[in-house]
Amino acid sequence: MKTLTTTIIILIFQISALAQQTTVSGTVQDNLTKETLPYVTVTVKDSALKTVVIAITDDHGIFTLENLPVGKLTLNFTFMGYQNYTQPLDIVSGKTKIELDTIGLQTNAIELNAIEITGQKPNISLKLDKKVFEVGKDALSQNGSAHDVLNGVPSVAVSPTGTISLRGNSSVLILINGRQSGLTQSNALDQIAADQIDRIEVITNPSSRYDAAGSAGIINIILKKNKKSGFSGQVRLVGGSPNDSRVNPSINYKSEKINIFSNFSIRSTDYVGLYTTNQSTIENGNPTYMNRVQNEDRHDDGKLLYLGADFFINDHQTITAAFLKNATHDNDKTRLLYDYSNAGNAAKDSILSREGKSLEKRNYNQFEFNYTRTFKQPAKKWTVDVQYDWWDSDKNWNLSTQRLFPDAVAYPGIRTRSTGNSKDLLAKSDFIQPIDSISSFEFGIKTEIRKVSSDYLAEQQQDDNWAVYQDIDNHLDYSETITGAYAQFSDKINKFSYMLGLRTEFTAISISDLQNTYNDDKNYNKLFPTANLSYKLNNATVQLNYSKRINRPSLYDIYPFNEVTDLNAQYVGNPDLNPSYSDVFEMAFLTTWKKLTLNPSVYYQYEKGYMQDFTYREDDIFFTTPINIDHETRSGVELSILYNPLKWLQINTEMNFYRFEQKGNYMEKNLDYTGETFTGRLNTQVKLPAKFSFQGRYNFRGAQQNAQTRNNSLQSLDFGLSKILLKDKATIVFDVSNAFNLRQNKSTTIGTDYLLNENSIPNAARYRLSFVYRFNLTDPKVIRQANDANRN
């Protein structure tokens, strides 16, 4: 009884102490532009100048200080490139919540150079809801394209063919400046110069604020924009082998009322690829064999322009308008050699050769508009976004085929032409209404209308005329409308915080073609709940997340017209493909010490209607097409580590192990399969004397397999060396990607009467040297992200 009484007394005192704890919150912004500042360090000190609490502002510039003692305290705000700011704080007994006025920080150009020399923010920031990769701080990501950048981002991998995956799952939504874009389709990301990217955010379990697309999560690419007074800019020159020549100038101007930003890129790039296939088949009980070697030389010329401006109407209203144009001209050559010399059936041709030449022009245009309205109440914000993009493409293939052995025979020529165009309109609005200093309500609406038209024609030469080849002559129209709305509420109770949301999306799709072969209309409406819970410990945070996601088929997946470049294999889209739905659970832990940050997480995903490729043989041709199977379950554990043992050394490593189980069948073939795989990455940055820096990165992906195909393990090695010169106004960078040609994708596909062994090396080792010169470096933050609506 005495023990129970003592326990009750202690509990009463604890509850009383919690009730008397004071929580202080506020917002930090740039005093001139009124832009909120994330990652500002807020330090609370008592009268003896002893540190009581340290906090960091979030993505919206908001900070929260808890468990502050009664008495006179001092707040100190520090941020690189800004003057330190100090203000007194008086905590009165009985007052549990204090909401401060907005804190405005002044820029400090004099201190910037000293700060940059003595210390630097890590290129990778680990947070519970996202991982942020700072591109400008990574020597390996400055010379190449967006694909090169993504290949160094935690949890992200880019296959040799350009497929982007997150934790081994390719069902990922790619955003540019928080919105979907035509630049994320069909490997177009390779057209964006790495130098034009500010940072990349990886969100594995998004809240309802984001689109529900992408069962693996979201990758948000933030393009650069200026934030400097007066004129400023830089020029980057890149040269490489195989040829990779780039010129990337950027010129900007900023005053109190307007901020004009521009980026321009001209490039000429060559790609050298090698593909081999060893094939064995059974025909009437007799084995036949074929070896294929494909050499590919691709040449791309590209021009990219990103031009826009922020108009500061007043302290609370901003209008942003920008235009992006990407024009490319590709000239590709390929040579395929088919060797049947070891065939079991001697009647077959022994050696065939096919040479192809492709010319393709693509033009992509995008206009974006944003209106942002802030209020005196911190964190209260209303935004309106409108984006309109349009593109067109024209691709021509000319193929010549001949038999080399035993007799030389020339076969009729084949030519194909594929033309297409698209128009996409997006409009959305979001509103954040804080209820008090720690809780808020948010809601928004969005609609997107997309229309695509495509023509595809294949012809074979007949004497002096051309005739339709394999009945390939059709016109396809595709339209898609996605309308969505969401609402979410967030709050905090002492060390526990939560955010609950619900999103609904209605999708209407229409497919029609000239020959009435693929006519189809599909409508589906779903609710997508999300929950994000976190609990703060002394120097760590635990978070539990849940979200329901959708994976819609891409246009490439449903495009039914097959390429005829390869005599032996063709990829055909599936217009009947349906979306898949996922339930995603994740528990993450984040703890930080002075030199070490650990971020382990465990996750589980159930995906209904999982999409995967299926290969079958028909008329001696291997066709690959995407299909839906019943479901896939996936569970795994991931660990990310940041370690700074010395001032001049930073080590980042990550490991991901997952196990999956697939269930389904197609064309009377059982596709049930259970497997597991491991991926890892080691990244090291070393600061050397005389302002030299070295970086090395090793990527590893374990073997992957489903019921049909096994992909062997994949590895790659990249490294780079940089030097700062000309009084910190210039940088020279040398880097090597895919060193020693380690990046080879080897696979084995097994069917009832065939065996395929393939090896793909789309890109040979590349060596690059770049020089960048910066001018007018008198203001701190040289480049910033676009003034976004709800991009964070």
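Residues numbered from 1 in each chain as written. Predicted model: local features only at pLDDT ≥ 70, side-chain atom pairs only at ≥ 80, totals over all residues. Heavy atoms only, no water.

Undergrad: Mind showing me how you'd approach the overall build of the protein chain here?
TA: From N to C terminus, the protein chain includes four helices and 48 strands. When burial is assessed residue by residue, the protein chain has 51% of its 792 residues classed as buried. The long-range share in the protein chain, meaning contacts at least 24 apart out of those at least 6 apart in sequence, stands at 66%. Element-wise, carbon and sulfur atoms account for 57% of the exposed surface of the protein chain, whose accessible area totals about 35200 Å². (Helix = DSSP H or I, 4+ residues; strand = E, 2+ residues; numbered from the N terminus. Buried < 20%, exposed > 50% of the residue type's maximum accessible area, 1.4 Å probe, protein only. Contact = heavy atoms within 4.5 Å. Areas by Shrake-Rupley, 256 points an atom, 1.4 Å probe, with all protein chains shown as cover.)

Undergrad: Just to check I follow, could you spell out the pattern of salt bridges for this structure?
TA: Note that side chains of opposite charge can pair when their charged atoms are close. Scanning all chains against the criterion turns up 32 salt bridges. One salt bridge in this structure joins Glu 296 and Arg 298, with 2.8 Å as the shortest N-O distance. A salt bridge links Arg 681 to Glu 654; the shortest N-O distance between them is 3.0 Å. Taken together, the positions of Arg 681 in strand β39 (residues 673–688) and Glu 654 in strand β36 (residues 649–663) put the pair 27 residues apart, joining distant regions of the chain. (Salt bridge = Lys/Arg side-chain N within 4 Å of Asp/Glu carboxyl O.)

Undergrad: Looking at this model, I keep getting lost on the sheet that holds strand β33 (residues 611–618). Mind explaining?
TA: Picture the strands of a sheet paired through backbone hydrogen bonds; they go either parallel or antiparallel. Read across the sheet, three strands follow the order β30-β34-β33 without closing on themselves; strand pairing throughout is mixed. If you trace the sheet from one side to the other, it starts and ends with β30 (569–571) and β33, each paired once. Neighbour-to-neighbour, the strand axes of this sheet turn through a mean angle of 25 degrees, independent of strand direction. When β30 meets strand β34 (residues 621–628), the two strands line up parallel, connected through three bridges. (Pairing = 2+ DSSP bridges. Axes fitted to C-alpha atoms, helices over the stretch in contact; angles between N-to-C directions.)

Undergrad: Hey, could you run me through the pairing of strand β26 (residues 465–493) in this one?
TA: The side chains of a regular strand alternate, residue by residue, between the two faces of the sheet. Where strand β25 (residues 440–462) lies against β26, 22 bridges are found, and the strand directions are antiparallel. Residue pairing in the sheet places Glu 448 in a bridge with Ile 482 of β26. Here β25 folds back onto β26 in antiparallel fashion, the turn holding two residues, of which Asp 463 has a positive phi close to 60 degrees. Bridge count between β26 and strand β27 (residues 496–513): 18 bridges; the pairing is antiparallel. When the bridges of β27 are listed, Asp 477 appears paired with Ser 512. Connecting β26 to the antiparallel partner β27 that follows it, the hairpin turn spans two residues, and Asn 494 within it adopts a positive phi of roughly 55 degrees.

Undergrad: Any chance you could explain the packing of aromatic side chains here in plain terms?
TA: By convention here, two paired aromatic rings are described through the distance between centres and the angle between planes. Taken as a whole and assessed by the stated rule, the structure comprises 22 aromatic pairs. Seen from their ring centres, Phe 231 and Tyr 253 are 4.8 Å apart, and the 45 degrees between their planes marks the pair as tilted. Here Phe 231 is found in strand β16 (residues 230–241), whereas its partner Tyr 253 is found in strand β17 (residues 244–254), with 22 residues between them in sequence. Ring centres of Tyr 658 and Phe 660 lie 6.5 Å apart, and the angle between their planes is 45 degrees; this geometry places the pair in the tilted category. Ring-pair connections join several aromatic residues into one group, and the members of that group are Phe 375, Phe 431, Phe 441 and Phe 443. Over the ring of Phe 375 we find Lys 380; its NZ or CZ atom is 4.6 Å from the centre of that ring. The aromatic ring of Trp 466 is capped on one face by Arg 415, whose charged end is 4.2 Å from the ring centroid. (Phe/Tyr/Trp six-rings, centres within 6.5 Å; stacked < 30°, edge-to-face > 60°. Lys NZ or Arg CZ within 6 Å of the ring centre and 35° of its normal.)

Undergrad: Would you explain the layout of surface pockets in this entry?
TA: Once rolled over the atoms, a probe with the size of a water molecule shows which space is left empty. Approximately 560 Å³ is the volume attributed to the second largest pocket. Lining the second largest pocket are 27 residues; nearest its centre among them are Tyr 340, Leu 352, Leu 567, Asn 568 and Asp 620. Looking at the lining of the second largest pocket, the elements that each hand over two or more residues are β18 (258–283), β19 (286–314), β21 (351–374) and β26. Grouping the constituent residues of the lining of the second largest pocket by class yields eleven nonpolar, eight polar and eight charged. (1 Å grid on protein atoms, 1.4 Å probe; cavity = no way out; pocket = protein on both sides within 12 Å on 5 of 7 lines; lining within 4 Å. Points joined across faces, edges and corners; volume = space filled by probe spheres on them. Nonpolar A, V, L, I, M, F, W, Y, C, P; charged D, E, K, R; others polar.)

Undergrad: Please explain unusual backbone geometry as it appears in this structure.
TA: Most peptide bonds take the trans form, and the phi angle of most residues other than glycine is negative. Pro 242 follows Ser 241 through a cis peptide bond whose omega is -5 degrees. As for its placement among the helices and strands, Pro 242 is situated in the loop between β16 and β17. Residues Phe 405 and Pro 406 are joined by a peptide bond in cis, for which omega reads 10 degrees. Relative to the helices and strands, Pro 406 is located in the loop between β22 (381–405) and β23 (409–410). With a phi close to 65 degrees, Asp 620 is a non-glycine residue in the positive phi region. With respect to the helices and strands, Asp 620 occurs in the loop between β33 and β34. Classification of Asp 620 by relative accessible area gives partly exposed; the value is 42%.

Undergrad: Just to check I follow, could you spell out the nonpolar core for this structure?
TA: In globular proteins that are soluble, nonpolar side chains generally tend to be buried together. Judged by nonpolar contacts, the single largest core of 29 residues is most densely connected at Ile 164, Leu 189, Ile 197 and Ile 200. If we skip the residues at most four places from it in the chain, Ile 197 touches Val 135, Ala 146, Val 149, Ile 192, Ile 221, Ile 222, Leu 223 and Lys 224. (Core = buried A, V, L, I, M, F, W, Y, C linked by side-chain atoms within 4.5 Å.)

Undergrad: Quick question: what am I supposed to make of the sheet that holds strand β6 (residues 85–91) here?
TA: Taken together, four strands build an open sheet; the order of strands is β3-β2-β5-β6 and the sheet is antiparallel. Strands at the two margins of the open sheet, each flanked by one partner only, are β3 (51–56) and β6. In this sheet, neighbouring strand axes are inclined to one another by 20 degrees on average, regardless of whether the strands run parallel or antiparallel. Across seven bridges, the pairing between strand β5 (residues 71–78) and β6 is antiparallel. The residue of β6 that forms the bridge with Gly 71 is Ile 91.

Undergrad: Any chance you could explain the side chain of Gln 605 here in plain terms?
TA: By the element assignment, Gln 605 lies in strand β32 (residues 596–608). Judged by its relative accessible area of 6%, Gln 605 falls in the buried class.

Undergrad: Looking at this model, I keep getting lost on the environment of Tyr 643. Mind explaining?
TA: By the element assignment, Tyr 643 lies in strand β35 (residues 631–646). C-alpha separation for the pair Tyr 643 and Leu 596, spaced 47 residues apart in sequence, amounts to 4.6 Å.

Undergrad: Which parts of the structure should I look at to understand the environment of Leu 671?
TA: Mapped onto the elements of the fold, Leu 671 is located in the loop between β38 (669–670) and β39. For Leu 671 and Asp 630, which are 41 residues apart along the polypeptide, the C-alpha to C-alpha distance reads 9.6 Å. Discounting residues that sit within four places of it in the chain, Leu 671 has contacts with Gln 612, Phe 614, Ile 627, Ile 629, Gln 662, Gly 664, Asn 665, Tyr 666, Ala 707 and Gln 708.

Undergrad: In this structure, what is going on with the pairing of β19? I would like to understand it.
TA: Of the pairings in the sheet, the one linking β18 to β19 comprises 26 bridges and is antiparallel in character. Across the sheet, residue Thr 276 finds its bridge partner in β19, namely Val 293. The turn linking β18 back onto β19 is made up of two residues, and Asn 284 within it adopts a positive phi angle of 55 degrees. In this structure, β19 lies alongside strand β20 (residues 317–339), joined through 23 bridges in antiparallel fashion. Among the inter-strand pairings, Gly 308 is bridged to a residue of β20, identified as Ala 322.

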